[in-house]
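Chain and residue survey
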Amino acid sequence: MQSLLLLGAEAIAQGALDAGLSGVYAYPGTPSTEITEYVQHDRAARERKVHSQWSSNEKTAMEAALGMSYAGKRALVCMKHVGLNVAADAFVNSAITGANGGLVVAVADDPSMHSSQNEQDSRFYGKFAMMPILEPSNQQEAYDMAYYGFELSEKFGIPVLLRITTRLSHSRSGVIRKEAQKENEIKLPSDMRQFVLLPVIAKRRYKGLISNQLNFELDSEDSGFNKYIDGKDKSLGIIVCGIAYNYLKENYTDSDIPHPVLKIGQYPLPRKQVNKIFDECDEILVIEEGYPIVEELLKGYLEREKVKGRLDGTLPRDGELNPRLVGKALGMEFDEINKVPEIVTGRPPAMCVGCGHIDAYIALNEALEEFGDGHVFADIGCYTLGALEPLNAINTCVDMGASITMAKGAADAGFQPAIAVIGDSTFTHSGMTGLLDAVSENSNIIVLISDNFTTGMTGQQDSQAFGKIEDICKGIGVDEEHIFIINPSKRNKQKLIDIIKNEMKYEGVTVIIPRKQCVQTVKNKDLGKKIRELNLKC
Ligand SMILES: Cc1ncc(C[n+]2csc(CCOP(=O)(O)OP(=O)(O)O)c2C)c(N)n1
Ligand code: SF4
């Protein structure tokens, strides 16, 4: 079989394609973006027209994938961990509707928050929704689990959560492919009522989900992804999940692991194997990337002292694991190597030279000078870097879309001026509904939609907002006279300041669209052509 050198994220994509994938639905977000990009660039996937266009947000992605599954085809939906919060309504309910064609929900968590607002652990969502979860320890398993995930999903008629973390998603290794399968034919669900979650049906489906829990557990018990590896030294037993298995093995490159090890790759936990290691060993060390979810389960309410891990400080409570932290937890000692020389100083991320967001912020800062600090509610994108020196231009960044709604809440409190700053992609992700709230109540806010024609921060993916922003704002009900489009160039600085200052006198919703192409996309000929074709005003 063919062997490929793949990122963990790419291995998931290839595994899904080889399993007969018909469509991937996703919204970009580190460290999950490369799954969808791989499908988009794969020639075979293009030839057989596997759907791979970006969705407006994670919820629309989840729902479209569920629709494809309803039609009997195999669908993959991908997002970063915080995206699962956005998709949660559809995700949790999809465990109750169940799946028809195989449905795999690939979620990439970001412990240590390399590129995220938090380090939440998606396994909690899987457990909450009562779905089977797969968690690979290396790239080969990422491939194998994506491939197998569809089978598992169809076997039990339920979506399957595939959880990876940053290091695995963004590192490469050899992956051996399996035989490529054909896509499913269109086939409606055998129970035509299962997707109708009226209470009477939902109650029945929910009972079915509950009774299936034992079957999921039995499947985990037999799963090749869960392995009990015996060891002579039973003073300690190690339960190790996902990528942490690799970190454990790195500490024993020249020898066998002396302790019994239970490697977990499929949840719910295989209860018999957990009981076995618990009974056989004096103490249990739980090594898991993310929250101490397995450790908490084992300790229970009574805080069994036999179980060690993140909760008792044997491992750090937060942040990513690595081989050294795992080695220390096993009592190993390390010299201080790889010390960063003092001459190396931290380099905070910065916006690119020539970025339109910078010019918009310079004008905004000047317009707000007389009001002092604290008036700018921002959002998530490259423009969030405006929080740093030298701009110090924004005061909030909470979740995608929160700029407009937080500005509205502050304006409701009587705080003025209340300015929101949001990017084009974030606007169509989840800013539009907040703008509708503001229009409905004629809130006294100014919204800057900083339009660069792309989803800059995650690597210049297409933006659903392209060419539509002013029409969306008009459609939502923003008064046309209070919608302004301006190129935030140095030449236009005073003009932009004047617009902002004038609009502060208006009691209602103003939208200002500073529009300048992201400099990282200037070599993208297709985008350039589209901008010229639409003759976008800027
Ligand atoms: C719920 C959620 N989904 C995805 C992301 C990842 N992400 C961060 S910023 C961003 C989009 C930014 O695009 P845009 O608003 O156009 O601003 P730009 O970066 O282009 O300036 C995305 C997708 C996230 N942080 N949260
Ligand atoms: S990638 Fe684009 S949007 Fe992001 S900082 Fe650079 S120029 Fe600005």
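It should be noted that the structure appears before, not after, this text.
Residues numbered from 1 in each chain as written. Chains lettered and ligands numbered in written order. Predicted model: local features only at pLDDT ≥ 70, side-chain atom pairs only at ≥ 80, totals over all residues. Heavy atoms only, no water.

Examining the overall build of the protein
Along the protein, the regular secondary structure elements total 19 helices and 18 strands. On C-alpha atoms alone, the protein measures out to a radius of gyration of 25 Å, which is about the 24 Å that the 2.2 N^0.38 rule sets for 538 residues. With respect to the principal axes defined by its C-alpha atoms, the protein has extents near 75 × 60 × 45 Å. Here the protein holds 538 residues, and 55% of them are scored as buried. A separation threshold of at least 6 residues defines the contact pool for the protein, and within that pool the share at least 24 residues apart is 78%. Accessible surface computed for the protein: about 24,300 Å², of which carbon and sulfur atoms make up 51%. Between the mean site of the 58 positive side-chain charges and the mean site of the 72 negative ones, the protein shows a separation of 5 Å. (Helix = DSSP H or I, 4+ residues; strand = E, 2+ residues; numbered from the N terminus. Rg over C-alpha atoms; globule rule 2.2 N^0.38 Å. Buried < 20%, exposed > 50% of the residue type's maximum accessible area, 1.4 Å probe, protein only. Contact = heavy atoms within 4.5 Å. Areas by Shrake-Rupley, 256 points an atom, 1.4 Å probe, with all protein chains shown as cover. Lys, Arg positive; Asp, Glu negative; His and termini not counted. Charge placed at Lys NZ, Arg CZ, Asp CG, Glu CD.)

Observations concerning the packing of aromatic side chains
Going through the model one piece at a time under the given rule, you end up with 7 aromatic pairs. Centre to centre, the rings of F91 and Y125 are 6.3 Å apart; their planes meet at 85 degrees, and the pair counts as edge-to-face. Taken as a pair, F91 in helix 5 (residues 81–97) and Y125 in helix 6 (residues 123–129) lie far apart in primary sequence, 34 residues in all. An identical accessibility class is assigned to F91 and Y125; each is buried. (Phe/Tyr/Trp six-rings, centres within 6.5 Å; stacked < 30°, edge-to-face > 60°.)

A word on the layout of surface pockets
A water-sized probe rolled over the atoms picks out the places where empty space is left. Taken as a whole, the largest pocket encloses approximately 970 Å³ of empty space. What lines the largest pocket is a set of 47 residues, among which I380, G381, C382, T384 and M457 lie closest to the centre. When residues of the lining of the largest pocket are traced back to their parent elements, those giving at least two are helix 5 and helix 16 (424–440). Looking at the lining of the largest pocket, its residues break down into 20 nonpolar, 23 polar and 4 charged. (1 Å grid on protein atoms, 1.4 Å probe; cavity = no way out; pocket = protein on both sides within 12 Å on 5 of 7 lines; lining within 4 Å. Points joined across faces, edges and corners; volume = space filled by probe spheres on them. Nonpolar A, V, L, I, M, F, W, Y, C, P; charged D, E, K, R; others polar.)

Things to note about the packing of helix 1 (residues 8–18) against helix 7 (residues 139–156)
A pair of packed helices can be characterised by two numbers: the angle between their axes and the separation between those axes. One way to put it is that helix 1 packs onto helix 7 with a least axis distance of 7 Å and a crossing angle of 30 degrees. As helix 1 packs across helix 7, the resulting crossing turns out to be right-handed. For the pair helix 1 and helix 7, the contacting residues are G8, A11, I12, Q14, G15, A16 and D18 in the first and Q139, A142, Y143, A146, Y147 and F150 in the second. Its residues assigned to classes, the contact of helix 1 with helix 7 shows 8 nonpolar, 4 polar and 1 charged. (Axes fitted to C-alpha atoms, helices over the stretch in contact; angles between N-to-C directions. Left-handed = near helix turned anticlockwise from the far one by under 90°.)

A short note on the site of ligand 2
Taken together, M351, C352, C355, H357, C382, N452, Q460, C518, V519 and Q520 make up all the residues around ligand 2. When each cavity is represented as a set of grid points, ligand 2 is found to reside in the largest pocket. The residue makeup of the shell around ligand 2, split by class, is 6 nonpolar, 4 polar and no charged. (Near = heavy atom within 4 Å. Sits in = over half its atoms within 2 Å of the grid points.)

With respect to the site of ligand 1
Near ligand 1 lie 25 residues; those nearest to it are E58, H357, D424, T426 and G456. The separation between an oxygen atom of ligand 1 and a polar main-chain atom of T454 is 3.0 Å. Burial of ligand 1 by the protein chains amounts to 98% of its free accessible area of 590 Å². Using a 2 Å cut-off from the grid points, one finds that ligand 1 occupies the largest pocket. Where the shell around ligand 1 is concerned, the elements lending two or more residues are helix 5 and helix 16. Taken together, the residues of the shell around ligand 1 break down into 9 nonpolar, 13 polar and 3 charged. (Polar contact = N/O pair within 3.5 Å; in protein donor to acceptor, adjacent residues only side chain to side chain.)

Side note on a nonpolar patch on the surface
Together, V196, L198 and V200 make up a nonpolar patch on the protein surface, roughly 260 Å² of accessible area in all. Counting through the fold element by element, V200 comes out in helix 9 (residues 199–222). (Patch = residues over 30% accessible without salt bridge, like charges linked within 9 Å, V, L, I, M, F, W, Y side chains within 5 Å. Salt bridge = Lys/Arg side-chain N within 4 Å of Asp/Glu carboxyl O.)

Here we look at the pattern of salt bridges
Here the structure, examined in full by the defined rule, presents 32 salt bridges. Its salt-bridge partner being E183, residue K73 comes within 3.8 Å of it at the nearest N-O pair. Taken together, the residues span a long stretch of sequence, with K73 in the loop between helix 4 (58–70) and strand 3 (75–80) and E183 in the loop between strand 7 (172–176) and helix 9 at a distance of 110 residues. Given a relative accessible area of 23%, E183 falls into the partly exposed group. For E280, the salt bridge identified is with K276, shortest N-O distance 3.4 Å. Here the residue E280 and the residue K276 both occupy positions in helix 11 (residues 271–280), the gap between them amounting to 4 residues, near one helical turn. Here the salt bridges do not stand alone but share partners, grouping D109, D121, R123, E135, R163 and E288 into one network.

Let's talk about the sheet that holds strand 9 (residues 236–241)
Within a sheet, adjacent strands bond to each other through the backbone by hydrogen bonds, running parallel or antiparallel. One open sheet holds the 5 strands; their spatial order is 8-10-9-12-13, and the pairing between them is mixed. The sheet is open, and its two edges are formed by strand 8 (227–229) and strand 13 (307–308), each paired on a single side. Pairing geometry for strand 9 and strand 10 (residues 261–264), over 4 bridges, is parallel. Bridge pairing in strand 10 places I239 opposite L262. On the sheet, helix 11 packs against strand 8, strand 9, strand 10, strand 12 (283–287) and strand 13 and is oriented at approximately 20 degrees with respect to strand 8. (Pairing = 2+ DSSP bridges.)

A closer look at the sheet that holds strand 14 (residues 376–377)
Read from one edge to the other, the open sheet built from 5 strands follows the order 14-15-16-18-17, with strand pairing classed as parallel. Edge positions in the sheet fall to strand 14 and strand 17 (483–486), since each has one partner strand and no second. Together, strand 14, strand 15 (419–423) and strand 16 (445–450) form the strand contacts of helix 15 (residues 402–412), whose direction differs from that of strand 15 by roughly 175 degrees.

Notes on the packing of helix 9 against helix 11
Where helix 9 contacts helix 11, the axes come no closer than 8 Å and their chain directions differ by 60 degrees. Between helix 9 and helix 11, the interaxial angle falls into the category oblique. Contacts between helix 9 and helix 11 pair E217, S220 and E221 from the former with R271, K272 and Q273 from the latter. Residues that form the contact of helix 9 with helix 11 fall into these classes: no nonpolar, 2 polar and 4 charged. (Parallel < 35°, antiparallel > 145°, perpendicular 65-115°, else oblique.)

Considerations on the nonpolar core
With 101 residues, the main nonpolar core has L76, F91, I238, I239, L248, I284 and I287 as its most contacted residues. With sequence-adjacent residues up to four places away left out, I287 is seen in contact with I238, I239, V240, C241, A244, L248, L315, L321 and V326. Within the second largest apolar cluster, 49 residues are counted, among which are L391, I445, L448 and L496. (Core = buried A, V, L, I, M, F, W, Y, C linked by side-chain atoms within 4.5 Å.)

Some details on helix 17 (residues 469–476)
Among the residues of helix 17, those classed as buried are I469, E470, I472, C473 and I476. Down the axis of helix 17, the buried set is contained in an arc of 160 degrees. They therefore lie on one face. Along helix 17, exposed side chains directed more than 90 degrees from the buried face belong to D471 and G475. (Arc of directions from axis to C-beta.)

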